Amino acid sequence: METYYRFDFSPELLALSAKVEDKLSPRFAEIDRIARLNSQKVHYAFRRCAVSDTHFVGTTGYGYDDRGRTVIDRVYAETFGAEDALVRHFMISGTHALTTALFGLLRPGDVMLSVAAKPYDTLDKVIGIKPCAGSLAEFGIRYEQVELTEQGRLDYEAIEQALARKPKMAYLQRSRGYAVRPSIFVDEIAEVARLVKKVSPKTIFFVDNCYGEFVEQREPIEAGADVMAGSLIKNPGGSMAECGGYIVGKAELVERCANRLTSPGLGKQVGPSLGQNRNLLRGFYFAPSITGNALKTAVYTSALFGALGFDCSPAWDAPRTDIVEQVIFHDPAPLVAFCQGIQAGSAIDSFVRPEPWAMPGYTNEVIMAAGAFVQGSSIELSADGPLRPPFAAYMQGGIIFDTAQIGILTAAQKLLDDGLAEVPS
Ligand SMILES: *Cc1c(COP(=O)(O)O)cnc(C)c1O
């Protein structure tokens, strides 16, 4: 790799990087192909929904008749193949969007069945797996889960048996979160949807789509999910949304979620956009391409750290359904060094040194590297990991591959400098 500016990368590391990049061209071409198709999908939705520059104007106060807010909902619904959408900058995070949907859709006595083992850490207290004031458990909503097979795949037989008990909701998390398990492909989601329709058609099939948007050609709703949710500071915000979350799906379900988010009777009719409409629309427009850059970053990281002798998942040449790359260190020191290296290689806050801390909502101490334009944005290059075995870094994002690569190389160089890795001879 040529570097014009001095980044203090050793010649050995740059040689390894060049060698790794050589084999990635077919992968990158495939990523470009999907990004192009998804960009066309979004472009088509904008035209079909007649997006206009008047939609960029924001409202304040109640936000009645916010035409921009309405068109954003239409564009999301159209793109994701859903009846309706609730896209709001005042859903603070993915967890908030998921929480809104869970409380919107579940009632006392209902069962929430997770079909892919335990969901993401921040949901422990939402569900009440860990006691917390205001959890679903406090409202008498019960939780069950189906474990994965030994290979970490969906256990369709066990899912079918659990569905026979007619739970109110079947819940599926597409991305791996902080678990060491493969992410779940849209084809697999389609198979679960088929089982739900066959065994318990009244069950609401809900997908946590965080990190999955625009990675494949098809989204979970198009594969038969009833409702799905995600974060705007991940893929669909295209790095330009300054905060927010979305819920899309069947109109009647989205309405329940809207009533939970604002108030019964107010639903989707209120909510000032406060000047965020342009960011949300522009971000969504860029999202397929930005997601492509994040995917290239993930594939490159997998190939480079694989070449340095670390276990990476997915492997660089494996198919993908999310933007997350897991680098497994089996030891805290290289995990911390990796995250510190990513931070040092960022454009923003490169001088900051992250340390592990007890983040709200997480069980173990977590170290997080995020040199981002938007705080905590993980469509921008970021890496984090809980300080627990197998001491894996979860790396994701990278809005421009060319500069994300600098971040990855900086992390690799830090491991080399600290004696925690070696370039193979
Ligand atoms: C990011 C993420 C969430 C939500 O996390 P926030 O930090 O609240 O946005 C939920 N599930 C998965 C799989 C995620 O990756």
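Draft legend 1. Quick peek at the pairing of strand 4 (residues 169-173). Buried residues dominate strand 4, accounting for five of its five residues. Alternating positions in strand 4 separate into two faces, Met169, Tyr171 and Gln173 on one and Ala170 and Leu172 on the other, with burial throughout. Examined bridge by bridge, strand 2 (residues 111-114) and strand 4 share three bridges and lie parallel to one another. Within strand 4, the residue paired with Met112 across the bridge is Met169. Where strand 4 meets strand 5 (residues 204-208), five bridges bridge the pair, whose relative direction is parallel. Looking at the pairing, Ala170 lines up with Phe205 of strand 5. Read from strand 4 through helix 7 (residues 186-199) to strand 5, the crossover connection turns out right-handed.

Draft legend 2. Molecular detail of the domain arrangement of the protein chain. Structurally, the protein chain comprises domain 1 (11-39 + 288-417) and domain 2 (54-284). A separation of 26 Å is found between the C-alpha centroids of domain 1 and domain 2. Across the boundary between the two partners, domain 1 contributes 36 residues, which contact 31 residues of domain 2. Carbon and sulfur atoms supply 56% of the area that domain 1 and domain 2 bury against each other, a total of about 2800 Å² over both sides. A salt bridge links Arg388 to Asp121; its shortest N-O distance comes to 3.3 Å.

Draft legend 3. Seen up close, the packing of helix 1 (residues 11-22) against helix 11 (residues 401-417). It is the contact of helix 1 with helix 11, at a shortest axis distance of 11 Å, that shows an interaxial angle of 135°. With respect to helix 11, the element helix 1 is oriented oblique. Our pair here, helix 1 against helix 11, has a crossing hand that is right-handed. On helix 11, the residues touching Leu13, Leu14, Ser17 and Glu21 of helix 1 are Phe401, Gln405, Leu409, Ala412, Gln413 and Leu416. Counted by class, the contact of helix 1 with helix 11 contains six nonpolar, three polar and one charged residues.

Draft legend 4. The arrangement of the packing of helix 9 (residues 277-307) against helix 11 in detail. The N-to-C vectors of helix 9 and helix 11 enclose an angle of 25°; their axes lie 9 Å apart at closest approach. With respect to helix 11, the element helix 9 is oriented roughly parallel. Every pair of crossing elements has a handedness; the one defined by helix 9 and helix 11 is right-handed. Contacts between helix 9 and helix 11 pair Asn293, Lys296, Thr297, Tyr300, Thr301, Leu304 and Phe305 from the former with Phe401, Ala404, Gln405, Ile408, Leu409, Ala411, Ala412 and Leu415 from the latter. Tallied by class, the residues present in the contact of helix 9 with helix 11 amount to ten nonpolar, four polar and one charged.

Draft legend 5. Expanded view of the packing of aromatic side chains. According to the stated counting rule, one finds 19 aromatic pairs in the structure shown. For the ring pair Phe80 and Tyr246, a centre distance of 5.6 Å and an interplane angle of 35° mean the geometry is tilted. Pair noted here: Phe80 is in helix 3 (residues 67-80) and Tyr246 is in strand 7 (residues 245-249), with a separation of 166 residues, a long-range link. Tyr246 matches Phe80 in its accessibility class, with the two residues each being buried. Taken together, a centroid distance of 5.3 Å and an interplanar angle of 20° make the contact between Tyr171 and Phe206 stacked. Taken as a pair, Tyr171 in strand 4 and Phe206 in strand 5 lie far apart in primary sequence, 35 residues in all. Judged by relative accessible area, which is 0%, Tyr171 ranks as buried. Pairwise contacts between aromatic rings join Tyr76, Phe80, Phe214, Tyr246 and Phe284 into one cluster. Positioned over the ring face of Tyr120 is Lys234, at 5.7 Å from the centre of the ring. Lying over the aromatic face of Tyr211, Lys234 brings its terminal NZ or CZ to 4.0 Å of the ring centre.

Draft legend 6. Region of the structure containing the sheet that holds strand 1 (residues 84-88). Across the sheet, which stays open at both edges, the seven strands sit in the order 1-7-6-5-4-2-3 with mixed pairing between neighbours. One side of each edge strand has no neighbouring strand; the edge strands of this open sheet are strand 1 and strand 3 (142-145). Geometrically, the sheet is characterised by an average inter-axis angle of 20° between neighbouring strands, direction not taken into account. On the sheet, helix 4 (residues 94-105) packs against strand 2, strand 4, strand 5, strand 6 (227-231) and strand 7 and is oriented at approximately 155° with respect to strand 6.

Draft legend 7. Representation of the side chain of Thr410 in the model. Note that Thr410 resides in helix 11. Here Ile406 takes part through its backbone oxygen, which lies 2.6 Å from a polar atom of the side chain of Thr410. Excluding residues within four positions of it along the chain, Thr410 makes contact with Phe9, Gly341, Ala344 and Gly345.

Draft legend 8. Layout of the pattern of salt bridges. Scanning the model with the defined rule gives 25 salt bridges in all. The partner of Glu30 in a salt bridge is Arg33, and the shortest N-O contact between them spans 3.1 Å. In this pair, Glu30 and Arg33 both sit in helix 2 (residues 25-48), three residues apart, roughly one turn of the helix. When the shortest N-O distance is used, the salt bridge between Lys41 and Glu222 registers 3.0 Å. In this pair, Lys41 sits in helix 2 while Glu222 sits in the loop between strand 5 and strand 6, placing the two residues 181 residues apart along the sequence. The class of Lys41 is buried, set by a relative accessible area of 19%.

Draft legend 9. The environment of Val196, seen in detail. With respect to the helices and strands, Val196 occurs in helix 7. Since its relative accessible area comes to 0%, Val196 is described here as buried. The spatial distance from the C-alpha of Val196 to the C-alpha of Ala164 is 9.1 Å, given a sequence separation of 32 residues. Setting aside chain neighbours within four positions, we find Val196 in contact with Leu163, Ala170, Pro201, Thr203 and Phe205.

Conventions adopted
Per-chain numbering applies: the sequence of each chain, read as written, is numbered from 1 onward. With pLDDT at 70 or above as the cut-off, local features in this predicted model cover only qualifying residues; side-chain atom pairs require 80 or more to be listed or tallied, and sums for whole chains, interfaces and linings still use all residues. With hydrogens and water excluded, all non-hydrogen atoms of the structure serve as input to the side-chain values. Note on classification: 1.4 Å probe, protein chains only; a residue is buried when its accessible area is under 20% of the maximum for its type, exposed when over 50%, partly exposed between these limits. Labels follow the DSSP assignment, with helices taken as runs of H or I lasting at least four residues and strands as runs of E lasting at least two, numbered in each case from the N terminus. By definition, two strands form a pair when at least two bridges between them are found by DSSP. Viewed with both strands pointing away, a crossover whose connecting path from the first strand over the helix to the second turns clockwise is right-handed. Each domain's limits were defined by an automated method or a database of domain assignments. Here a residue-residue contact requires only that any non-hydrogen atoms of the pair lie within 4.5 Å. Buried area: the accessible area, evaluated with a 1.4 Å probe, that two parts lose upon being put together, summed over both parts. Any Lys or Arg side-chain nitrogen located within 4 Å of an Asp or Glu carboxyl oxygen qualifies as a salt bridge. Only the stretch in contact is used when fitting a helix axis, every axis being a line fitted to C-alpha atoms; angles between N-to-C directions are given from 0 to 180 degrees. For classification purposes, an angle smaller than 35 degrees is called roughly parallel, one larger than 145 roughly antiparallel, one from 65 to 115 roughly perpendicular, and anything else oblique. Here is the rule for handedness: rotate from the far helix to the near one, and if that takes an anticlockwise turn smaller than a right angle the crossing is left-handed, while a clockwise turn gives right-handed. In this classification, the charged set is Asp, Glu, Lys and Arg, the nonpolar set is Ala, Val, Leu, Ile, Met, Phe, Trp, Tyr, Cys and Pro, and all remaining amino acids, among them Gly, are polar. For Phe, Tyr and Trp, rings pair up if their centres lie within 6.5 Å, where Trp contributes its six-membered ring, and each pair is then called stacked (planes under 30 degrees apart), edge-to-face (over 60) or tilted (otherwise). By definition here, charges over rings are those cases where NZ of Lys or CZ of Arg is within 6 Å of the ring centre and within 35 degrees of the ring normal. Any pair of N or O atoms that falls within 3.5 Å is considered a polar contact. Within protein, one atom must be able to donate a hydrogen and the other to accept it, and sequence-neighbouring residues count only if both atoms are side-chain atoms.

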